[in-house]
Amino acid sequence: MEEKKETSECCCHKTKERPEKEVKDLIHRLNRIEGQIRGIRGMVERDCYCPEILVQVAAANAALNSFNKVLLANHIRTCVAQDIRDGKEETIDELVRVLQKLMK
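So, here's what we can say about the structure. Everything numeric here is computed off the predicted structure, so don't read it as measured data.

Proximity of charged atoms lets side chains of opposite charge pair with each other. All chains considered together, the criterion is met by seven salt bridges. Close ionic contact of K16 with E22 constitutes a salt bridge, the shortest N to O distance being 3.9 Å. By relative accessible area, which is 12% here, E22 ends up buried. E20 is the partner of K24 in a salt bridge, and the nearest nitrogen-oxygen pair spans 3.1 Å. Here K24 pairs with E20, and both are found in helix α1 (residues 20-45), just four residues apart, close to one helical turn. We note that K24, like E20, is exposed.

Okay, structure coming up:
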């Protein structure tokens, strides 16, 4: 019989322990983005004018891009740098694939 996994367990292939300060910063950014998305939904519900909604969507996209930049920089400084020091060259290929997806 299969054991149930705890809800706090990550569903990702790999995990990473982050310093508390980094986690707080990332969560703070995500909370702001979530608020922006709720605001956009509210604008749609209130039948706001399309260009006004589009401006808010652009702001949310910019916030997500900023989140990605911070997360990517942290990833390169920690995971990628350590893997290269450890001789795990496949990490470079992984990073290139991630960058290609981000640049679509």
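Don't stop here, the text continues.
As for its placement among the helices and strands, T91 is situated in helix α3 (residues 90-102). Within the local environment of T91, its side chain forms a polar contact with the side chain of D83, the two groups lying 2.8 Å apart. The residues touching T91, leaving out its near neighbours within four places in the chain, are V80 and D83.

Direction vectors running N to C along α1 and helix α2 (residues 50-85) enclose 165°, while the axes themselves pass 10 Å from each other. The angle between α1 and α2 places the two elements in the roughly antiparallel class. In the crossing of α1 with α2, the sense of the turn from one axis to the other is left-handed. The residue inventory of the contact of α1 with α2, partitioned by class, reads 16 nonpolar, four polar and four charged.

Definitions and limits used
Residues numbered from 1 in each chain as written. Predicted model: local features only at pLDDT ≥ 70, side-chain atom pairs only at ≥ 80, totals over all residues. Heavy atoms only, no water. Salt bridge = Lys/Arg side-chain N within 4 Å of Asp/Glu carboxyl O. Buried < 20%, exposed > 50% of the residue type's maximum accessible area, 1.4 Å probe, protein only. Helix = DSSP H or I, 4+ residues; strand = E, 2+ residues; numbered from the N terminus. Polar contact = N/O pair within 3.5 Å; in protein donor to acceptor, adjacent residues only side chain to side chain. Contact = heavy atoms within 4.5 Å. Axes fitted to C-alpha atoms, helices over the stretch in contact; angles between N-to-C directions. Parallel < 35°, antiparallel > 145°, perpendicular 65-115°, else oblique. Left-handed = near helix turned anticlockwise from the far one by under 90°. Nonpolar A, V, L, I, M, F, W, Y, C, P; charged D, E, K, R; others polar.

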